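Structural features, examined
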Amino acid sequence: MKRTLIAAAVLAATLSAAAAQSFPTRPITMVVPFGAGGPTDALARIIAERMRGPLGEPLLVENVTGASGTIGITRVARAAPDGYTIVLGNWPSFVVASATYNNLSYDVTKDFEPIALLPNNPYIIVTKKGVPATNLKELIAYLKANGDKVSAGTGGNGAGQHVSGLYFQKSTGTAFQFVPYRAGSSDIMRDLVAGHIDLTFDQAISALPYIRNDQVRAYAITGKTRLASAPDIPTVDEAGAPGVYISTWFGLWAPKGTPPEAIARISAAAMEAMADPAVAKRLADLGQEIPPREQQTAAGLAALLKSELEKWTPIIKGANIKTE
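Below or above, wherever it landed, is the structure these notes cover. Bear in mind the structure is a predicted one, so any value in this text is a computation, not a measurement.

1. Focus on the overall build of the protein
Assigned secondary structure in the protein consists of 12 helices and nine strands. A compact globule built from 324 residues should have a C-alpha radius of gyration of about 20 Å, and the protein, at 21 Å, falls within 12% of that. With the C-alpha coordinates aligned to their principal axes, the bounding extent of the protein is approximately 80 × 40 × 30 Å. When burial is assessed residue by residue, the protein has 52% of its 324 residues classed as buried. On the protein, roughly 13,600 Å² of surface is accessible, and the fraction owed to carbon and sulfur atoms is 55%.

2. Things to note about the pattern of salt bridges
In the structure shown here, the tally under the stated rule is 14 salt bridges. Here D214 and K129 are joined by a salt bridge, their closest N and O atoms 3.2 Å apart. In this pair, D214 sits in the loop between helix 8 (204-212) and strand 8 (216-221) while K129 sits in the loop between strand 4 (112-128) and helix 5 (136-146), placing the two residues 85 residues apart along the sequence. What emerges from the salt-bridge pattern is a single network uniting R50, E272 and D276.

3. Some remarks on helix 4 (residues 91-100)
Most of helix 4 is tucked away, with nine of its 10 residues classed as buried. Residues W91, P92, S93, F94, V95, V96, A97, A99 and T100 constitute the buried set of helix 4. Buried residues along helix 4 sit against helix 3 (70-77), strand 3 (85-90), strand 4, helix 6 (160-172), strand 9 (247-255) and helix 12 (298-318).

4. Quick word on the pairing of strand 3
Burial of strand 3 is extensive: six of the six residues sit out of reach of the surface. Here strand 3 shows two buried faces, one formed by T85, V87 and G89 and the other by I86, L88 and N90. Taken together, the three bridges between strand 1 (residues 28-32) and strand 3 define a ladder with parallel strand orientation. Each bridged residue has a counterpart across the sheet, and for M30 the counterpart in strand 3 is I86. Sheet topology note: the strand 3/strand 9 ladder contains four bridges and is antiparallel. The partner of L88 across the bridge, within strand 9, is L252.

5. Quick word on the pairing of strand 6 (residues 177-180)
Note that strand 5 (residues 151-154) and strand 6 share four bridges and pair parallel. Looking at strand 6, one finds that T154 is bridged to P180. Read as a crossover between parallel neighbours, the route from strand 5 over helix 6 to strand 6 is right-handed.

6. Let's talk about empty space enclosed by the protein
Tallied over the entire structure, the rule returns one cavity of 30 Å³ or more. Computed from the structure, the largest cavity encloses a volume of approximately 150 Å³. Every residue lining the largest cavity is counted, 17 residues in all, and those nearest its centre are F34, Q161, G184, S185 and Q203. Taken together, the elements giving at least two residues each to the lining of the largest cavity come down to helix 2 (39-55) and helix 6. By residue class, the composition of the lining of the largest cavity is six nonpolar, 11 polar and no charged.

7. Digging into the layout of surface pockets
Roughly 440 Å³ of volume is contained in the largest pocket. Surrounding the largest pocket, 21 residues form its lining, N120, I246, S247, W249 and E289 being those nearest its centre. Mapped onto the lining of the largest pocket, the elements with two or more residues apiece are strand 4, strand 9 and helix 12. If one sorts the elements of the lining of the largest pocket by residue count, helix 12 sits on top with five residues.

8. Digging into unusual backbone geometry
If a residue is not glycine, its phi is most likely negative; likewise, a peptide bond is most likely trans. Each neighbour pair has its own omega, and for F23 with P24 the value is 0 degrees, a cis peptide bond. The residue P24 is located in the loop between helix 1 (2-22) and strand 1 in this model. Phi is positive for D214, which is not a glycine, with a value near 60 degrees.

9. Section: the nonpolar core
Counting 44 residues, the largest nonpolar core has W91, I125, L136, L139, F168 and L199 as the members making the most contacts within it. Discounting residues that sit within four places of it in the chain, I125 has contacts with L136, L139, F168, L199, T200, F201, R217, A218, Y219, A220, T222 and V236. In this structure, M30, L88, L118 and I266 belong to the second largest nonpolar core, which totals 33 residues.

10. A look at the packing of helix 4 against helix 6
Between helix 4 and helix 6, the least distance of the axes is 9 Å, while the angle of their chain directions is 60 degrees. With respect to helix 6, the element helix 4 is oriented oblique. Contacts between helix 4 and helix 6 involve W91, P92 and V96 from the first element and G160, V163 and S164 from the second. For the contact of helix 4 with helix 6, the per-class residue count stands at four nonpolar, two polar and no charged.

11. Description of the environment of F34
Within the secondary structure, F34 sits in the loop between strand 1 and helix 2. Residue F34 is classed as buried on the basis of its relative accessible area of 17%. C-alpha of F34 to C-alpha of L301: the two residues are 267 residues apart in sequence and 20 Å apart in space. Apart from the residues lying within four places of it in its own chain, the contact partners of F34 are T40, N63, V64, T65, S68, G69, N90 and S93.

What counts and what doesn't
Residues numbered from 1 in each chain as written. Predicted model: local features only at pLDDT ≥ 70, side-chain atom pairs only at ≥ 80, totals over all residues. Heavy atoms only, no water. Helix = DSSP H or I, 4+ residues; strand = E, 2+ residues; numbered from the N terminus. Rg over C-alpha atoms; globule rule 2.2 N^0.38 Å. Buried < 20%, exposed > 50% of the residue type's maximum accessible area, 1.4 Å probe, protein only. Areas by Shrake-Rupley, 256 points an atom, 1.4 Å probe, with all protein chains shown as cover. Salt bridge = Lys/Arg side-chain N within 4 Å of Asp/Glu carboxyl O. Contact = heavy atoms within 4.5 Å. Pairing = 2+ DSSP bridges. Right-handed = clockwise from strand over helix to strand, strands pointing away. 1 Å grid on protein atoms, 1.4 Å probe; cavity = no way out; pocket = protein on both sides within 12 Å on 5 of 7 lines; lining within 4 Å. Points joined across faces, edges and corners; volume = space filled by probe spheres on them. Nonpolar A, V, L, I, M, F, W, Y, C, P; charged D, E, K, R; others polar. Core = buried A, V, L, I, M, F, W, Y, C linked by side-chain atoms within 4.5 Å. Axes fitted to C-alpha atoms, helices over the stretch in contact; angles between N-to-C directions. Parallel < 35°, antiparallel > 145°, perpendicular 65-115°, else oblique.

Note that every value here comes from positions in space, so none of it alone points to a role or purpose.
Below, the structure is given as structure tokens:
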């Protein structure tokens, strides 16, 4: 009997190892719940390209937009839990949306398997070139005097730019109007450059190319330290809005019930991608900060999601942000 149990255990371990080695046998779809050309999409394509080597199969990036990322996330929640459909989610889509939507068909803590924690980046406060304020203190004064005439682009009610804007308003006593964009950052930055809107709070990965090309004006980084890739932009503490810290982090998730072997393979590939100096440089140039390796794991992502939900849910509920 004992020998039979040992043999069964050995066989199970062998089969598990074989499954881990054989996965994947076809391309993996990485759902990006935001528009092409935006910050989440840019990160996804950099990471997906490098993950192909260790996985032996390509990752096909599929943009599924709408409802602050919840449409794409719903698609993954309902997908077969076989490792071949994953989602690249972030702070707005996994934390903010969970606190603002009353009718989500999924629970981010119960219906997904965490895979890996990816880079993060702070937001940058930017305006069109025509805004007369030359620094953040002047911008705050301008908004207090002209808030009814100022428009701020967001990815929709409850999107990262929206929550950031509300948090900024409450912290500084300012006011301005919000303009929603279905595709998020790509359309927001286009209209900001064209002068159709006045202001936005967007992730560094999206805003930096326009700042470097002198197409928009940057006022502050919503982080505690300056970005190495943009050292001339002051932090909110330095510029006049102390403590307004906002950062979007990214992660990979799979549907609940995805085999551990598949999770492990994808996680290892993501971590290998972030360890690549060429990838790290590309991400740094976009304002992205790679977390310490011990935090990049599935367990690290699960812990971060838990702590972020505990931090932001009361803030969002207190601001009475609701999305049907």
